[in-house]
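This is what each chain is made of:
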Amino acid sequence: MSSPFDVFITGDDEVLDLLAQEWARQTSTLQLIASENFASPAVMAATGSVLTNKYSEGYPGRRYYGGNQVVDEIEDLARRRLIGLFGADHANVQPHSGANANVAVYQALLEPGDTVLAMRLDQGGHLTHGSPASMTSKAWNFVSYGVTPRNDDPAAPGEMIDFDNVRDMALTHRPRMIVAGATAYARRIDPAPFREIADEVGALLMFDSAHVAGLIAGGSHPNPVPYADVVTFTTHKTLRGPRGGAILCRSDHAKAIDMAVFPGQQGGPLEHAIAAKAVAFREAAQASFSTYTRQVVANASAFGDALAREGFRLVSGGSENHMVLLDLRDFDADLTGKVAQEVLDRAGITTNRNTIPDDPRSAFITSGLRVGTAAETTAGLREDEFATVASLMARALREREDAAKVERVREEVAELCALFDPYASFTK
Ligand code: DSN
């Protein structure tokens, strides 16, 4: 069956067939990748709109091409809605991705070689937080902070951002910028202590809220805008918009940020994506979106509890956002993240392997698995269903050598998915 969104793709059976396969995959298997979601039909329609035809290098009122009267209004609308959602001075909605947004901020506010203090990739940070594999580490001098050591006492869980380490590193290295925010970290990130440390050493503060932007917009997580000089994020994770990025900043950084995005990093903006961002920002301002984000967080907490009951160790002992980071070694010392991801794929449960703090295995193999609740909460799953998903995951992984048993899990997953149409909630 084709997706209802493919109606205008006629006469191209190869693409139609592949889209139908992907529609079937997304709707008959469980989407647990923490950085994914189901965008609304309105977001998808805007993404596929006539705006894809237009070139509009520059910014509203200052374009290098003619014919941008309507596009100017679209981009202004997106900026206004975004500023309204988070309360910032200035918004740039042109970044094609979160990585572009981060690099544009570095380019805008740093000189080549400046020191930046950010979370290390293997402790939960992002590639653009100065990973050796990223160009960011070649252009700027990244030093890193991490999380506290593992502590299995539930009253004082470890593997939380180590603010003593952040402060020590800041005092030692005197960075020009501190980056808060993470990509594989299941706890709430409080912007206030980052601001205090940044002020103590005279550093700028950038908050990368790619994962939690939707939780912030929905009021389920603290808003970093009053604390940070710049906030970056992606629009397609918990925020549930089109794939893309955005930047919020204080007015004194606005000109430099805009110049760094265009012409510094990018050429023509994707105005169809910007229209879709505008749609998503309006959706995120509704009361129903706050309800959704509260459920995302409640689901992740319940999912983590259920996974712990199945014998998985939760990195940091729990979840306060939309994700759970699992250490697989307590469940099965021989089970790697790579094998777990592959087995779960066969069982119709889509996840991603992830390094965990102090992981003895490589980033390609890993001892961890990251799961998230944003997408399947959109589809309507609640705490009870996430407990069922935890037991399906555990069964598939325990019985991974028995293809028939893994196939039985896949059938049960399909039965569960058949009860939860990800697009039903948008038509209620
Ligand atoms: N790597 C993406 C994620 O899944 O978190 C962020 O860029």
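As shown above, the structure is provided for reference.
Presented here is an overview of the structure given in this document. The shown structure was predicted, so the numbers you read here are calculated from the model rather than taken from an experiment.

Describing the overall build of the protein
Argument step 1. When its secondary structure is counted, the protein shows 15 helices and 15 strands.
Argument step 2. In terms of overall dimensions, the protein is globule-like: its C-alpha atoms have a radius of gyration of 22 Å, near the 22 Å expected for 428 residues.
Argument step 3. Dimensions of the protein along its principal axes, counting C-alpha atoms only, are 60 × 60 × 35 Å.
Argument step 4. In the protein, of all internal contacts separated by at least 6 residues, the share reaching a separation of at least 24 is 71%.
Argument step 5. When the accessible surface of the protein is split by element, carbon and sulfur atoms take 52% of a total near 17600 Å².
Argument step 6. Taking the 40 positively charged and 55 negatively charged side chains of the protein as two groups, their mean positions are separated by 2 Å.

Some remarks on the side chain of D327
Argument step 1. By the element assignment, D327 lies in strand β12 (residues 323–327).
Argument step 2. The class for D327 is buried, based on a relative accessible area of 0%.
Argument step 3. A polar contact of 3.0 Å, which involves the side chain of D327, links it to the side chain of R329.
Argument step 4. Each residue touching D327, except ones within four places of it in the same chain, is listed here: R150, R313, V315, I356 and S367.

What about the sheet that holds strand β4 (residues 90–92)?
Argument step 1. As summarised here, the arrangement of the seven strands in space is β4-β10-β9-β8-β7-β5-β6, forming an open sheet in which the pairing is mixed. Edge positions in the sheet fall to β4 and β6 (141–145), since each of these pairs with one other strand and no more. The sheet shows a mean angle of 20 degrees between the axes of neighbouring strands, direction not considered.
Argument step 2. Relative to β6, strand β5 (residues 115–119) is paired through five bridges, and the arrangement is parallel.

Quick notes on the site of the ligand
Argument step 1. In the region of the ligand, the neighbouring residues are S35, H126, T183, H211, K237 and R370.
Argument step 2. Expressed as a share of its isolated accessible area of 230 Å², the protein-covered part of the ligand is 62%.
Argument step 3. Grouping the constituent residues of the shell around the ligand by class yields no nonpolar, four polar and two charged.

Some remarks on the packing of aromatic side chains
Argument step 1. For the structure on display, the rule yields 14 aromatic pairs.
Argument step 2. Seen in terms of ring centroids, Y59 and F262 are 6.5 Å apart; in terms of plane orientation they differ by 70 degrees. Their pairing is edge-to-face. Within this pair, whereas Y59 is found in strand β2 (residues 58–59), its partner F262 is found in helix α9 (residues 251–265), the two being separated by 203 residues in sequence. Of the two residues, Y59 and F262, both sit in the buried class.
Argument step 3. Among the aromatic residues, those joined into a ring-pair cluster are W23, F38, Y423 and F426.
Argument step 4. Directly above the ring of Y292 sits R240, whose terminal nitrogen or CZ lies 4.2 Å from the centroid.
Argument step 5. Above the plane of the ring of F364 lies R353, whose end atom (NZ or CZ) is 4.7 Å from the centre.

Observations regarding a negative patch on the surface
Argument step 1. On the surface, D12, D13, E14 and D17 cluster together into a patch of negative charge.
Argument step 2. The topology assignment puts D17 in helix α1 (residues 13–28).
Argument step 3. On the basis of relative accessible area, D17 is assigned to the partly exposed category, the value being 43%.

Topic: the sheet that holds strand β15 (residues 368–372)
Argument step 1. Spatially, the four strands line up as an open sheet ordered β11-β12-β15-β14, and their pairing is antiparallel. Pairing within the sheet leaves two strands with one partner each, and these edge strands are β11 (313–314) and β14 (352–354).
Argument step 2. Pairing of β12 with β15 involves five bridges; the strand directions are antiparallel. Bridged to L326 within β15 is L369.

Regarding helix α6 (residues 163–173)
Argument step 1. Among the residues of α6, those classed as buried are V166, M169 and A170. Buried residues of α6, seen end-on, are gathered within an arc of 100 degrees and therefore sit on one face of the element. In α6, the exposed positions angled more than 90 degrees off the buried face are occupied by D164 and T172.
Argument step 2. As for α6, its buried residues are in contact with β5, β6, β7 (177–180) and α7 (191–201).
Argument step 3. Between the side-chain oxygen of the N-cap and the backbone nitrogen of D164 there are 3.2 Å, and the N-cap of α6 in question is D162.
Argument step 4. Once α6 finishes, R174 follows within two positions and takes phi at roughly 45 degrees, a positive value.

A word on the nonpolar core
Argument step 1. Counting residues in each nonpolar core, the largest one holds 49 residues, and the members touching the most others are L82, F86, I178, F194, F233 and L248.
Argument step 2. For F86, the contacting residues outside a window of four places in its chain are A213, I216, A217, N223, V225, F233 and L248.
Argument step 3. Residues L307, L344, A375 and Y423 belong to the second largest nonpolar core, which totals 39 residues.

Focus: the pattern of salt bridges
Pairs can form between side chains of opposite charge once their charged atoms are near each other.
Argument step 1. Within the structure shown, the criterion is met by 25 salt bridges.
Argument step 2. Among the ionic pairs, E75 bridges to R63, the shortest N-O distance being 2.8 Å. Taken as a pair, E75 in helix α3 (residues 69–86) and R63 in strand β3 (residues 62–63) lie far apart in primary sequence, twelve residues in all. In terms of burial, E75 and R63 fall into one category: buried.
Argument step 3. Where R79 meets D76, a salt bridge forms, and the shortest distance between an N and an O atom there is 2.9 Å. Taken as a pair, R79 and D76 lie in helix α3 at a separation of three residues, close to a single helical turn.
Argument step 4. D76 gets classed as partly exposed once you look at its relative accessible area, which sits at 28%.

What to know about the packing of helix α12 (residues 337–346) against helix α14 (residues 383–398)
Argument step 1. Running from amino to carboxyl end, α12 crosses α14 at an angle of 110 degrees, the nearest separation of the two axes being 9 Å. By the angle between their axes, α12 is roughly perpendicular relative to α14. Read as a crossing pair, α12 and α14 show a hand that is right-handed. Here α12 contributes A340, V343 and L344 to the contact with α14, which in turn contributes M393, A396 and L397.

Calculation notes
- Residues numbered from 1 in each chain as written.
- Predicted model: local features only at pLDDT ≥ 70, side-chain atom pairs only at ≥ 80, totals over all residues.
- Heavy atoms only, no water.
- Helix = DSSP H or I, 4+ residues; strand = E, 2+ residues; numbered from the N terminus.
- Rg over C-alpha atoms; globule rule 2.2 N^0.38 Å.
- Contact = heavy atoms within 4.5 Å.
- Areas by Shrake-Rupley, 256 points an atom, 1.4 Å probe, with all protein chains shown as cover.
- Lys, Arg positive; Asp, Glu negative; His and termini not counted.
- Charge placed at Lys NZ, Arg CZ, Asp CG, Glu CD.
- Buried < 20%, exposed > 50% of the residue type's maximum accessible area, 1.4 Å probe, protein only.
- Polar contact = N/O pair within 3.5 Å; in protein donor to acceptor, adjacent residues only side chain to side chain.
- Pairing = 2+ DSSP bridges.
- Axes fitted to C-alpha atoms, helices over the stretch in contact; angles between N-to-C directions.
- Near = heavy atom within 4 Å.
- Nonpolar A, V, L, I, M, F, W, Y, C, P; charged D, E, K, R; others polar.
- Phe/Tyr/Trp six-rings, centres within 6.5 Å; stacked < 30°, edge-to-face > 60°.
- Lys NZ or Arg CZ within 6 Å of the ring centre and 35° of its normal.
- Patch = residues over 30% accessible without salt bridge, like charges linked within 9 Å, V, L, I, M, F, W, Y side chains within 5 Å.
- Salt bridge = Lys/Arg side-chain N within 4 Å of Asp/Glu carboxyl O.
- Arc of directions from axis to C-beta.
- Core = buried A, V, L, I, M, F, W, Y, C linked by side-chain atoms within 4.5 Å.
- Parallel < 35°, antiparallel > 145°, perpendicular 65-115°, else oblique.
- Left-handed = near helix turned anticlockwise from the far one by under 90°.

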